[in-house]
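Okay, here's what each chain looks like letter by letter:
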Amino acid sequence: MNSTSTQFVPSRRMGIYEPIHQMAMWGDFKGNNCLELDASPPLILEVDPKLDNQSEDTSHGTVGPSNKYDQEASKPGDKVKVLRRLAQNREAARKSRLRKKAYVQQLESSKLRLLQIEQELGRARQQGLYVGGAVDASPTGYAGSTHPGIVTFEMEYGHWVEEQDRQISDLRNALHSDMGDMELRIFVDGGMRHYFDLFTMKATAAKADVFYVMSGMWKTSAERFFFWIGGFRPSELLKVLLPHLEPLTEQQHLDVGNLTQSCQQAEDALSQGMEKLHQILGEAIAKQLGEENYLPQIGAAIDKLEALVRFVVQADHLRQQTLQQISRILTTRQAARGLLALGEYLQRLRALSSLWSSRPRESSQPLVH
């Protein structure tokens, strides 16, 4: 991302990162730095139509050509060949049945996954958690329709979480092995790219429905508790991860401290911009209250919401820059430990949400005096 309003400037004297300046949100920021998202693979796998025919042909292969085998078996020296061919046909039929069974199981698993996603979306819509891109479509906040861009994002984010869990397991195994730094760097770079992919996905989703991304309804409840402009606050995350990066050299401590301070200043600038946007939107909506025709006020407010999309992109740009800078400060093994700690931290937040929502509730009964 190339944003003129959020930069880390390397210091010539110390090789560290100076505080971030000039967080102008209204004129400087250019919204053309969002990468296009690759189309995700289809959820439902198609079974090869040739599979059934192949299975049936091979499974009954011993019936059709039996006359041929009988003729060959009539020759004294061909009985061994006939028996070998029959055994090969039986083995081919067995493998074909196994392949067909695997395809069917994979298809059923994908279908169940799709049904699960649809049920989760249905529950969210029933609870009024997602407005569907409409502005006040109903008093309950339920618009009755789901933006296809958000549906795509939810499915891709589900795959993103699954891939992150796999990467965490691989990274943990790599750290516990005698793997060298060059090989370990491959895991670190892959983990960094995985987070950058999430930022790109969010930028695309924000264009579809910025309120949905800002609300954090695609996250668990415990993760939303720490939400700041559509994600985690970089300075707070650095403080959480710092104990897991030790031992650090004196220079590394100094660099991390300066990076944390820079993040805090950039976060303050973005937060002040958000407060200003709240004020502007409130004033735009409140103009000429009491008039029946309020569409001009709504139209003016919608135009100003484009700035909210840029805030989400700016915040993710700050998160990406923070990950890149801390990776340059740390050694390869320290960066790997940091990525592992970050992944496990997010896993625990998701587990906390799951346990909290599934905890047994005490039935409220009237007090007996």
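Residues numbered from 1 in each chain as written. Predicted model: local features only at pLDDT ≥ 70, side-chain atom pairs only at ≥ 80, totals over all residues. Heavy atoms only, no water.

**With respect to the overall build of the protein**
- Within the protein, the regular secondary structure consists of 12 helices and 0 strands.
- Counting from the amino terminus, the protein carries its helices and strands in the arrangement α-α-α-α-α-α-α-α-α-α-α-α.
- Partitioning the contacts of the protein with sequence separation of at least 6, the portion at a separation of at least 24 is 77%.
- As displayed, the protein offers around 22400 Å² of accessible surface, 54% of which is attributable to carbon and sulfur atoms. (Helix = DSSP H or I, 4+ residues; strand = E, 2+ residues; numbered from the N terminus. Contact = heavy atoms within 4.5 Å. Areas by Shrake-Rupley, 256 points an atom, 1.4 Å probe, with all protein chains shown as cover.)

**Considering unusual backbone geometry**
- Of the consecutive residues E246 and P247, the connecting peptide bond is found in the cis state with omega at 5°.
- Among the structural elements, P247 can be located in the loop between α8 (234–241) and α9 (250–286).

**A few points about empty space enclosed by the protein**
- Summed over all chains, the structure comprises 2 cavities of 30 Å³ or more.
- In this structure, the largest cavity spans a volume of roughly 180 Å³.
- What lines the largest cavity is a set of 17 residues, and nearest its centre among them are L241, L323, I326, G338 and L342.
- Breaking the lining of the largest cavity down by element, the ones donating at least two residues are α5 (181–208), α8, α11 (306–329) and α12 (332–357). (1 Å grid on protein atoms, 1.4 Å probe; cavity = no way out; pocket = protein on both sides within 12 Å on 5 of 7 lines; lining within 4 Å. Points joined across faces, edges and corners; volume = space filled by probe spheres on them.)

**What to know about the environment of T220**
- Mapped onto the secondary structure, T220 falls in the loop between α6 (210–215) and α7 (221–225).
- Along the primary structure T220 and A351 are separated by 131 residues, whereas in three dimensions their C-alpha atoms are 9.1 Å apart.
- If we skip the residues at most four places from it in the chain, T220 touches L349, R350 and S353.

**Focus on the packing of aromatic side chains**
- Tallying each qualifying case throughout the model produces 9 aromatic pairs.
- Both rings, one in F153 and one in W218, keep their centres 5.3 Å apart while their planes meet at 80°; by these two values the pair is edge-to-face. With a gap of 65 residues between them, F153 in helix α4 (residues 148–176) and W218 in the loop between α6 and α7 connect regions that are remote in the sequence. The residues F153 and W218 share a single accessibility class, namely buried.
- Their ring planes at 90° and their centres at 5.2 Å tell us that F225 and F226 sit as a pair that is edge-to-face.
- Residue F226 is classed as partly exposed on the basis of its relative accessible area of 37%.
- Chaining the aromatic ring pairs together yields one cluster made of F153, Y157, W160, Y195, Y212, W218 and F227.
- The cationic tip of R319 hangs over the ring face of F232; the distance from NZ or CZ to the ring centre is 5.7 Å. (Phe/Tyr/Trp six-rings, centres within 6.5 Å; stacked < 30°, edge-to-face > 60°. Buried < 20%, exposed > 50% of the residue type's maximum accessible area, 1.4 Å probe, protein only. Lys NZ or Arg CZ within 6 Å of the ring centre and 35° of its normal.)

**Overview of the pattern of salt bridges**
- Here the structure, examined in full by the defined rule, presents 13 salt bridges.
- For E91, the salt bridge is made with R94, and the minimal N-O distance between the two is 2.6 Å. Taken together, the residues span about one helical turn, with E91 and R94 both in helix α3 (residues 79–126) at a distance of 3 residues.
- The residue D165 makes a salt bridge to R350 at a minimum N-O spacing of 3.5 Å. On the criterion of sequence distance, the pair formed by D165 in helix α4 and R350 in helix α12 is long-range, its members being 185 residues apart.
- Residues joined by salt bridges that share partners form a network here, namely D165, K219, E223 and R350. (Salt bridge = Lys/Arg side-chain N within 4 Å of Asp/Glu carboxyl O.)

**Things to note about the confidence of the model for the protein**
- Looking at the protein as a whole, its pLDDT mean stands at 76, while 69% of the residues score no less than 70.
- Per-residue pLDDT stays below 50 along residues 1–70; that stretch engages in 127 contacts with residues further than four places along the chain or on separate chains.
- For the stretch residues 128–145, pLDDT sits under 50, and the model shows 24 contacts to residues farther than four places along the chain or on other chains. (pLDDT = per-residue confidence, 0-100.)

**Some thoughts on the packing of α8 against α12**
- For the pair α8 and α12, the least separation of the axes is 10 Å and the interaxial angle reads 110°. The pairing of α8 with α12 is recorded here as roughly perpendicular in orientation. Contacts between α8 and α12 involve L237, V240 and L241 from the first element and G338, A341, L342 and Y345 from the second.
- Residue composition of the contact of α8 with α12, grouped by class: 6 nonpolar, 1 polar and no charged. (Axes fitted to C-alpha atoms, helices over the stretch in contact; angles between N-to-C directions. Parallel < 35°, antiparallel > 145°, perpendicular 65-115°, else oblique. Nonpolar A, V, L, I, M, F, W, Y, C, P; charged D, E, K, R; others polar.)

**Points about the environment of Q321**
- Along the polypeptide, Q321 turns up in helix α11.
- Placed 58 residues apart in sequence, Q321 and C263 show a C-alpha to C-alpha distance of 9.5 Å.

**Here we look at the packing of α5 against α11**
- It is at 9 Å that the axes of α5 and α11 come closest, and there the two elements cross at 175°. Of the possible angle classes, the one that applies to α5 and α11 is roughly antiparallel. Counting all contacts with α5, which are made through R185, M192, Y195, F196, F199, K202, A203, A206 and K207, the residues of α11 involved are V309, V312, V313, D316, R319, Q320, L323, Q324 and S327.
- The residue makeup of the contact of α5 with α11, split by class, is 10 nonpolar, 3 polar and 5 charged.

**Things to note about α11**
- Helix length check: α11 (24 residues) gives 35 Å between terminal C-alpha atoms against 34 Å at 1.5 Å per residue, within 8%.
- Burial analysis of α11 places 20 of its 24 residues in the buried class, the great majority of the element. (Expected span 1.5 Å × (residues − 1).)

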